[in-house]
Amino acid sequence: MKKIQYLFILLALGAGCVSCSDFLDPETDNTRDEGLLDEAAYFCGPLNDVYSDLPTLFDVKMDVMTDNAVKGDLIGDYYRCGIGAMSPALNPLNIWEQGYRNIRKLNIFLSRMVLDESTSYKTPVRFFALTTEADYEDNLNMFWRLKGEAYVLRAYWLSELLRNFGGEAADGRMLGVPLVGDKIVSVEEDLNLPRASYDDCVQAIIDDCDRAVNECRLPDLYGKPDATSRVYGKTIRDHVSGAAAKAIKARTLLYAASPAYNKSGDPDKWETAAIAAAEAVKAAGGINAAFASRDDYYFNQIANVDNPNYDVIMRGQVLKGNSALEADNFPPGMYGSALVNVSQNLVDAFPDSNGYPIAESGLYKAETPYADRDPRLNMFVGYNSGKIGTYTLEIFEGGWDAYNPLKKTSRSGYYLKKTLKQSIVLTPGQQTSTTRANILIGLPEVLLNFAEAANEAWGVTGDPKGYGFHAKQALRRILTRANANGAKYLDEVILEDQSRMRNYLRNERRLELCFEGHYYYDLRRWYAADPNWQDKLNTTVRGTRITRGDSGLHFEEVTLEKRIFESPYQPIPYTEVFNAPAVVQNRGWK
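Cut-offs and rules
Residues numbered from 1 in each chain as written. Predicted model: local features only at pLDDT ≥ 70, side-chain atom pairs only at ≥ 80, totals over all residues. Heavy atoms only, no water. Helix = DSSP H or I, 4+ residues; strand = E, 2+ residues; numbered from the N terminus. Rg over C-alpha atoms; globule rule 2.2 N^0.38 Å. Buried < 20%, exposed > 50% of the residue type's maximum accessible area, 1.4 Å probe, protein only. Contact = heavy atoms within 4.5 Å. Areas by Shrake-Rupley, 256 points an atom, 1.4 Å probe, with all protein chains shown as cover. Lys, Arg positive; Asp, Glu negative; His and termini not counted. Charge placed at Lys NZ, Arg CZ, Asp CG, Glu CD. Axes fitted to C-alpha atoms, helices over the stretch in contact; angles between N-to-C directions. Parallel < 35°, antiparallel > 145°, perpendicular 65-115°, else oblique. Left-handed = near helix turned anticlockwise from the far one by under 90°. Nonpolar A, V, L, I, M, F, W, Y, C, P; charged D, E, K, R; others polar. Salt bridge = Lys/Arg side-chain N within 4 Å of Asp/Glu carboxyl O. Phe/Tyr/Trp six-rings, centres within 6.5 Å; stacked < 30°, edge-to-face > 60°. Lys NZ or Arg CZ within 6 Å of the ring centre and 35° of its normal. Disulfide = S-S within 2.5 Å. Expected span 1.5 Å × (residues − 1). Core = buried A, V, L, I, M, F, W, Y, C linked by side-chain atoms within 4.5 Å. Polar contact = N/O pair within 3.5 Å; in protein donor to acceptor, adjacent residues only side chain to side chain.

**Examining the overall build of the protein**
- Counting its regular elements, the protein contains 19 helices and 14 strands.
- On C-alpha atoms alone, the protein measures out to a radius of gyration of 25 Å, which is about the 25 Å that the 2.2 N^0.38 rule sets for 590 residues.
- Taking all 590 residues of the protein together, the buried fraction comes to 56%.
- Long-range contacts, defined here as pairs at least 24 residues apart, represent 70% of the contacts in the protein between residues at least 6 apart.
- As displayed, the protein has an accessible area near 23600 Å², and 49% of this comes from carbon and sulfur atoms.
- Between the centroid of the 66 positive side chains of the protein and the centroid of its 78 negative side chains there is a distance of 3 Å.

Dropping the structure here:
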């Protein structure tokens, strides 16, 4: 049986090389015996496979390719790529094969989702035992819900491919990725497909999101108003919904409007993004939708179908009994490996307790740098004399947690706390764990997407479409989530200044979404088109060294490493460019 690893492969003659893997092997399609398709579980196999392939853990190591963090052990692809080794042949964010594999599975599933008017139940398979009129109605609703879910997941994977590989070619064209549409691509076909335009890829994502909402009528949130419905009730809150479709659409349009992909600065793109983002905010519960506590958001309520908060819009599978991120990132004094070390750059980005940047703060003091700061600094970062759980950090020279390569302690002077459950114990014989999932889209991102797009389209407080909320209100929700005084700078300094609002919003995205897989991409969409992009991406990453003296503690900044990238756009994988000559490389990569 023919097997091929990548979507595009050169079908060479004679002694030519053909790679071997299971990517297009029918065994992965869950088709098996066609007679088994009468059973719903087998019928839905491709859809279930795609759900299973959603990321399950936050990719916290991605931030070591930015100035947010460094890698403690000085090894691994993220570390190497952050200091200059990224290339078409080496990229830890290469999801090309995974993305197209999942799109193919979804196309298989969608090809089956055809109504048959010649049967009494119409659907291609019976999802329920059919005895009452309500059963027939639920059966048909299930058909539309599952079809809608497939469209949302296809939009998600295409958006991920576009986020990772969309960019400017050497000839100046703004390109996305090859589009296969509804086709179930097979090895016998001509796979030398060119990259579609960036805008055409955006439109394909929008079309799938709109189909899910308009054609398939996916509800914004499951469990509302009928929590007991077997089709739309609370027990399926882990499935993608109408709110997820609208959020994917909004994120995609935000990227498309950003300077990297909107080089002409077309204001209509910003307004389109703002409208889509406003609809996503409404779908997620509105501008005043409730936030859970951070422990509930990330851990305690992540699998609870009765959770009153709907701030998790889309997530991967729930992991139970997990302590992987803690084992990787707790300090060695807590039996962790301290792999991701937060930078001084990120610490400096946290404002004071009134929301003022520390360069403009009347509260910040260099001799007590962690006092009177935004509460998120303590929530997200382990610093000297701070705590992780009940463990007090001693990062001054001579302290247990200060940098010592023999002990494998943090080399930046800081430890990661964001996305970690700090009450977990790793002590041998006393280990505990938690329930967690990768939150692919959450309410904080939805609000920040709207705030950014609305500010660019309509200004700080503009609301020309009559949504009843504006950019400033959305940002205020983020700033005051854990700090009642967090919006003072917004109210006292930014006022109606669109430029100040833009810069402040970018910093807020960096803080609120750090270590959740956003900042690396945000830097590129903001600055890739800037002639001085290297000043923003190829930055020097700093740490702190703390010494004790008669007058107290002394804090000294130290240089850790420099970020080096040859291009502001991600490279197309070497194998794809080599095997499919129609696929052109992004600018800056050979």
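**Digging into the packing of helix H7 (residues 242-257) against helix H8 (residues 267-283)**
- At a minimum axis distance of 8 Å, the contact between H7 and H8 shows a crossing angle of 155°. Taken together, H7 and H8 sit at an angle that is classed as roughly antiparallel. Helix-helix and strand crossings are classified by hand; for H7 and H8 the assignment is left-handed. The segment H7 lies against H8, with Ala-243, Lys-246, Ala-247, Lys-249, Ala-250, Leu-253, Leu-254, Ala-256 and Ala-257 engaging Lys-269, Trp-270, Thr-272, Ala-273, Ala-276, Ala-277, Glu-279, Ala-280 and Ala-283.
- Its residues assigned to classes, the contact of H7 with H8 shows 13 nonpolar, 1 polar and 4 charged.

**Some points on the pattern of salt bridges**
- Taken as a whole and judged by the stated rule, the model has 45 salt bridges.
- Close ionic contact of Asp-182 with Arg-154 constitutes a salt bridge, the shortest N to O distance being 2.7 Å. Taken together, the positions of Asp-182 in the loop between strand E3 (174-175) and helix H6 (198-215) and Arg-154 in helix H5 (residues 133-165) put the pair 28 residues apart, joining distant regions of the chain.
- For Arg-154, a relative accessible area of 7% puts it in the buried group.
- For the salt bridge of Arg-525 with Glu-452, the shortest nitrogen-to-oxygen distance reads 2.8 Å. With Arg-525 in helix H17 (residues 519-527) and Glu-452 in helix H13 (residues 443-458), this pair connects stretches of sequence that are 73 residues apart.

**What to know about helix H3 (residues 77-85)**
- Within H3, the full set of buried residues consists of Tyr-78, Tyr-79, Cys-81 and Gly-82.
- Looking at the packing, one finds that the buried side of H3 touches strand E1 (69-71) and strand E14 (552-562).

**Side note on unusual backbone geometry**
- Looking along the chain, the bond that leaves Lys-224 and enters Pro-225 is cis, with omega of 0°.
- Checked against the element boundaries, Pro-225 lands in the loop between H6 and H7.
- One non-glycine residue, Tyr-335, adopts positive backbone phi at about 70°.
- With respect to the helices and strands, Tyr-335 occurs in the loop between helix H10 (324-329) and strand E6 (340-342).
- In this structure Tyr-335 comes out as partly exposed when scored by relative accessible area, which is 48%.

**Let's talk about the packing of aromatic side chains**
- Under the defined criterion, the tally for this structure stands at 24 aromatic pairs.
- Taken together, a centroid distance of 5.2 Å and an interplanar angle of 25° make the contact between Tyr-489 and Tyr-504 stacked. You can see Tyr-489 sitting in helix H15 (residues 488-494) and its partner Tyr-504 sitting in helix H16 (residues 498-512), a full 15 residues away along the chain.
- Overall, Tyr-489 belongs to the buried group, its relative accessible area being 3%.
- Joined through ring pairs, the aromatic side chains of Phe-58, Tyr-297, Tyr-298 and Phe-299 make up one cluster.
- In this structure, Arg-112 packs its charged tip against the face of Phe-43, placed 5.8 Å from the ring centre.
- Here the guanidinium or amino end of Arg-481 rests over the ring plane of Phe-291, the centre of that ring lying 4.5 Å away.

**A short note on the state of the cysteines**
- Under the criterion given, the structure shown has 0 disulfides.
- Of all cysteine sulfurs, the one in Cys-209 lies closest to Cys-201, which takes part in no disulfide; the gap is 14 Å.

**Regarding helix H4 (residues 96-112)**
- With 17 residues, H4 extends 25 Å from end C-alpha to end C-alpha; this agrees with the ideal 24 Å at 1.5 Å per step.
- Most of H4 is tucked away: 13 of the 17 residues are buried.

**Thoughts on the packing of H4 against H5**
- Close contact between H4 and H5 brings their axes to 9 Å; oriented N to C, the two are set at 160°. Judged on the interaxial angle alone, H5 and H4 are roughly antiparallel. Along this stretch, H4 crosses H5, giving a crossing that reads as left-handed. Here Trp-96, Gln-98, Gly-99, Tyr-100, Asn-102, Ile-103, Leu-106, Asn-107, Phe-109 and Leu-110 of H4 lie close against H5, whose contacting residues are Leu-146, Lys-147, Ala-150, Tyr-151, Leu-153, Arg-154, Trp-157, Leu-158, Leu-161 and Phe-165.

**Remarks on the nonpolar core**
- Leu-153, Ile-248, Met-314, Phe-450 and Phe-515 are the most contacted members of the largest nonpolar core, which totals 167 residues.
- Looking at this core element by element, the count peaks at 15 residues for H5.
- If sequence neighbours within four positions are ignored, Ile-248 has contacts with Val-152, Ala-155, Tyr-156, Ser-159, Ile-205, Cys-209, Met-314 and Ile-441.
- Within the second largest apolar cluster, 6 residues are counted, among which are Leu-523, Trp-526, Tyr-527 and Trp-533.

**A few points about the environment of Asp-171**
- Within the secondary structure, Asp-171 sits in the loop between strand E2 (167-168) and E3.
- Taking the C-alpha atoms as reference points, Asp-171 and Ser-433, 262 residues apart in sequence, are found 52 Å from one another.
- Within polar-contact distance, the side chain of Asp-171 engages the side chain of Arg-173 at 2.8 Å.

**Some words on the side chain of Asn-455**
- In this structure, Asn-455 sits in helix H13.
- Judged by relative accessible area, Asn-455 falls into the buried class, the value being 0%.

**A look at the side chain of Thr-419**
- Positionally, Thr-419 belongs in the loop between strand E10 (415-416) and strand E11 (434-436).
- On the basis of relative accessible area, Thr-419 is assigned to the buried category, the value being 4%.

**Remarks on the environment of Ala-129**
- Tracing the chain through its elements places Ala-129 in the loop between H4 and H5.
- Residue Ala-129 is classed as exposed on the basis of its relative accessible area of 62%.
- Separated by 224 residues in the primary sequence, Ala-129 and Ser-353 have C-alpha atoms spaced 59 Å apart.

**Side note on the environment of Trp-144**
- Its place among the elements puts Trp-144 in helix H5.
- Exposure remark for Trp-144: the relative accessible area of 15% places this residue in the buried category.
- Separated by 29 residues in sequence, Trp-144 and Leu-115 place their C-alpha atoms 10.0 Å apart.
- Those residues in contact with Trp-144 that lie beyond four places of it in its chain are Leu-115, Glu-215, Cys-216 and Arg-217.

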